[in-house]
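Commentary on secondary and tertiary structure
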Amino acid sequence: MSIVRAHFWVKGLVQGVGFRYFVLRQAAALQLNGWVRNRYNGSVEGVVEGPAERVKEFLDYCHHGPAMADVRELKVQYEKPQGETTFRIRESI
């Protein structure tokens, strides 16, 4: 089972709509690790680690977001896994 790390950025109407909590729930359901946070420019940034197939499914959820979100762009950059052990919401930057 190949473990991957995806660093992602989501743009659109993604703050004030429960996006971070939506992502947190999806990560828990898929047993993935990493983090998510709001950025002051109105976007959401995160990292997710786990089996490649589950990470792809997670990113598909991010592309759609919760019902009130309007995702306009999802950018993903794959990196070397760093051994994340939980999934958490981080402080905004």
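This part is about the sheet that holds strand β2 (residues 33–38). Read from one edge to the other, the open sheet built from 5 strands follows the order β4-β1-β3-β2-β5, with strand pairing classed as mixed. In the strand order of this sheet, the two ends are held by β4 (70–79) and β5 (87–89), each with one partner. Put simply, the sheet's adjacent strands are angled 20° from each other on average, direction ignored. Contacts from helix α1 (residues 19–29) reach β1 (3–13), β2, β3 (44–51), β4 and β5, with the element oriented near 170° to β5.

Buried residues dominate β3, accounting for 8 of its 8 residues. Judged from the 8 bridges that link them, β1 and β3 form a sheet pairing that is antiparallel. In the sheet register, Val4 faces β3, and the bridge partner there is Gly50. Inspection of the sheet shows β2 paired to β3 by 6 bridges, in the antiparallel sense. Residue pairing in the sheet places Val36 in a bridge with Gly46 of β3. Linking two consecutive strands that pair antiparallel, namely β2 and β3, is a turn of 5 residues; a positive phi of about 95° is found at Gly42 within it.

Conventions we followed
Residue numbering note: each chain is counted from 1, following its sequence as written. Where totals are concerned, whole chains, interfaces and linings use all residues; where local detail is concerned, this predicted model gives features only for residues with pLDDT of at least 70, and gives and counts side-chain atom pairs only at 80 or more. Hydrogens and waters are ignored; side-chain quantities use all the structure's heavy atoms. Strand pairing is assigned whenever DSSP detects at least two bridges linking the two strands. Secondary structure counts use DSSP, requiring at least four H or I residues in a row for a helix and at least two E residues in a row for a strand, with both numbered from the N terminus. Angles shown run from 0 to 180 degrees and are taken between the N-to-C directions of axes, each axis being a line fitted to C-alpha atoms and, for helices, limited to the stretch in contact. Every residue pair with non-hydrogen atoms within 4.5 Å of one another is taken to be in contact. Between buried and exposed lies partly exposed: a residue is buried under 20% and exposed over 50% of the maximum accessible area for its type, with that area taken using a 1.4 Å probe on protein chains only.

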